[in-house]
Amino acid sequence: MFPFVLLPTARLGKRVRRTTRRAQDDAAEMNQILQESLSGQQVVKAFGAEKYESGRFHQAARRFLRSSLRYTAQQAVASPLIQFFGAVTIVVLLGYARDQIKAGAMDLRGFTSFMTALLMLFEPVKRLTGIYTISSRRWGRPKRSSST
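Summary of the structure given here.

Cut-offs and rules
Residues numbered from 1 in each chain as written. Predicted model: local features only at pLDDT ≥ 70, side-chain atom pairs only at ≥ 80, totals over all residues. Heavy atoms only, no water. Phe/Tyr/Trp six-rings, centres within 6.5 Å; stacked < 30°, edge-to-face > 60°. Helix = DSSP H or I, 4+ residues; strand = E, 2+ residues; numbered from the N terminus. Buried < 20%, exposed > 50% of the residue type's maximum accessible area, 1.4 Å probe, protein only. Polar contact = N/O pair within 3.5 Å; in protein donor to acceptor, adjacent residues only side chain to side chain. Contact = heavy atoms within 4.5 Å. Expected span 1.5 Å × (residues − 1). Patch = residues over 30% accessible without salt bridge, like charges linked within 9 Å, V, L, I, M, F, W, Y side chains within 5 Å. Areas by Shrake-Rupley, 256 points an atom, 1.4 Å probe, with all protein chains shown as cover. Salt bridge = Lys/Arg side-chain N within 4 Å of Asp/Glu carboxyl O.

### With respect to the packing of aromatic side chains
All told, the structure shown has one aromatic pair when counted by the stated rule. Aromatic pair Tyr 96 and Phe 114: ring centres 6.5 Å apart, planes at 50 degrees, arrangement tilted. Note that Tyr 96 is positioned in helix H3 (residues 50–103) and Phe 114 in helix H4 (residues 108–138), a separation of 18 residues in sequence. Judged by its relative accessible area of 45%, Tyr 96 falls in the partly exposed class.

### A closer look at the side chain of Gln 74
With respect to the helices and strands, Gln 74 occurs in helix H3. Overall, the relative accessible area of 12% leaves Gln 74 in the buried class. Engagement of the side chain of Gln 74 in a polar contact is seen with the side chain of Thr 19, the distance being 2.8 Å. Not counting chain neighbours up to four residues away, the residues in contact with Gln 74 comprise Leu 12, Arg 15, Val 16 and Thr 19.

### A word on H3
With 54 residues, H3 should cover 80 Å at 1.5 Å per step; its first-to-last C-alpha distance of 79 Å lies within 8% of that length. The complete set of buried residues in H3 reads Glu 53, Ala 60, Ser 67, Tyr 71, Gln 74, Gln 75, Ala 78, Ile 82, Gly 86, Thr 89, Ile 90 and Ala 97. Among the residues trailing H3, Gly 104 stands out with phi positive, at a value near 85 degrees.

### Some thoughts on a nonpolar patch on the surface
Residues Phe 84, Val 88 and Val 92 make up a contiguous nonpolar surface patch of about 280 Å² in total accessible area. The topology assignment puts Val 92 in helix H3.

### Thoughts on the environment of Tyr 71
Considering the arrangement of structural elements, one finds Tyr 71 in helix H3. Sequence separation between Tyr 71 and Thr 20 is 51 residues, and the spatial gap between their C-alpha atoms is 6.3 Å.

### A closer look at the pattern of salt bridges
Pairs can form between side chains of opposite charge whenever their charged atoms are close. This model, assessed by the stated rule, comprises five salt bridges. Residue Arg 56 pairs with Glu 36 through a salt bridge whose shortest N-O separation is 3.2 Å. Residue Arg 56 is found in helix H3, and its partner Glu 36 is found in helix H1 (residues 2–39); the two are separated by 20 residues along the sequence. The class of Arg 56 is partly exposed, set by a relative accessible area of 22%. Judged by its relative accessible area of 36%, Glu 36 is partly exposed. Among the ionic pairs, Arg 56 bridges to Glu 53, the shortest N-O distance being 3.3 Å. Placement of the pair is Arg 56 and Glu 53 together in helix H3, with a separation of three residues, close to one helical turn.

Below, the structure written as structure tokens:
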């Protein structure tokens, strides 16, 4: 069950980290534009550049909104996707158990043990994928120093 869940989770985690970095960059750009406009408000007013600065800020805000929505959508997809792959894996393993029962290699006790182990395995794998996406969110990119 682990490989069927791990591979999509790893790919999704990379995508979430990339989107997180993009959203952080867009937020930094938006904050930089806002800080420049506010600290240089006298210069902006003197040259009549209010519309220009406002347009720059709105473009940066739109980019940040798109990246944030993309990030949120990817985070929302993670749990149902993992549950889907887990359900498919359980169906495949139940088919394997059925074949073992037909062949006489598994009895009722073996099947009960098999099902118990299978159901107990699903929750830790689900938690592991949750931890993976949380860590990708938390550790997406180091903070920039204030001197840059």
